[in-house]
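Breakdown of the fold
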Amino acid sequence: MGFWVRAIEKEFRNVQLAFNILEKDESVPVGFQHIDCHWIFDIKMNFTRKAKFVVGGHMTEPPSSLTYLSVVSRETIRIALTIAALNDLDIMAAGIGNAYLNEPYREKVYFTIGTEFGAKKGQYVVVIWSLYELKTSGSAWRSFLIQSMYGLGFKSCKADPDLWMTSGTKNDGTKYWDYVLIYVDNILWVSHAPGVVM
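Structure report, in brief.

So, how was this worked out
Residues numbered from 1 in each chain as written. Predicted model: local features only at pLDDT ≥ 70, side-chain atom pairs only at ≥ 80, totals over all residues. Heavy atoms only, no water. Buried < 20%, exposed > 50% of the residue type's maximum accessible area, 1.4 Å probe, protein only. Helix = DSSP H or I, 4+ residues; strand = E, 2+ residues; numbered from the N terminus. Pairing = 2+ DSSP bridges. Core = buried A, V, L, I, M, F, W, Y, C linked by side-chain atoms within 4.5 Å. Salt bridge = Lys/Arg side-chain N within 4 Å of Asp/Glu carboxyl O.

What follows deals with the pairing of strand β11 (residues 186-191). Of all six residues in β11, five are buried; the element is thus mostly enclosed. Pairing of strand β10 (residues 175-183) with β11 involves five bridges; the strand directions are antiparallel. Counterpart to L181 in the pairing with β11 is L188. Linking β10 back to β11 in an antiparallel pair, the connection comprises two residues, with V184 at a positive phi of about 60°.

In structure tokens, the structure reads:
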């Protein structure tokens, strides 16, 4: 089996929960807009293949609600790396896979199944969870992420809302700050023990 076939299968396993595949005789609900979908392919630095199923959010009507998704600034990243170096803190970087699938959809869209769905080709799929490229997916993800960070005991920095912090204590009793920097669905954690939430 080829690298790209495995990448596509992995992406489908992850995003299928976002789909409600309608039966052949079933009608699309009233008020849903038809959109196209496409694939984005990437080769990572370690030569693994990444396939991402993306909906055509550019085809939807502009929403009346806010769709803004901020990201951590470069200056904040530089300062955090300096703080880590000066205070002997570790750094962990991570990507959150299929992050947008954590929030229900806000836009009413559907698409027609292509060959990647096999025998179901030609049937309609209603999108029931946020997917990449829908206009409101970024803000829906941010809402979910904010609640999660508060639930973990972090506070957002007033100077940069994508820098989250909580107080920590090293093994020797020294007090310090844990920092989590967020860039959409990528995080940088600066801590004595990154990944461990006290």
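Picking up after the structure, the text goes on.
Further remarks concern the pairing of β10. Bridge count between strand β9 (residues 163-169) and β10: seven bridges; the pairing is antiparallel. Pairing of M165 across the sheet is with Y179, part of β10.

Spatial strand order, β5-β11-β10-β9-β8: five strands in an open sheet with antiparallel pairing. Edge strands, defined here as strands with exactly one partner in the open sheet, are β5 (90-95) and β8 (155-156).

Before going further, it helps to spend a moment on the nonpolar core. Formed by 19 residues in total, the largest nonpolar core has its most connected members in F12, V15, F19, F53, F111 and L131. Among the secondary structure elements, those contributing two or more residues to this core are α1 (3-15), β4 (49-55), β6 (109-112) and β7 (124-127).

On to unusual backbone geometry, then. Even without glycine at this site, D88 takes up a positive phi of about 55°. With respect to the element layout, D88 can be found in the loop between α2 (74-86) and β5. Looking at D88, the relative accessible area reads 64%, which means it is exposed. Non-glycine residue V184 carries a positive phi angle of around 60°. Tracing the sequence through the fold places V184 in the loop between β10 and β11.

Taken as a whole and assessed by the stated rule, the structure comprises two salt bridges. Residue E11 pairs with K50 through a salt bridge whose shortest N-O separation is 3.9 Å. Of this pair, E11 sits in helix α1 while K50 sits in strand β4; the two residues are 39 residues apart in sequence, bridging distant segments of the chain. Residue E11 is classed as buried on the basis of its relative accessible area of 2%. A salt bridge links R142 to D162; the nearest nitrogen and oxygen atoms lie 2.8 Å apart. Taken as a pair, R142 in helix α3 (residues 137-151) and D162 in the loop between β8 and β9 lie far apart in primary sequence, 20 residues in all. Each member of the pair, R142 as well as D162, is classed as buried.

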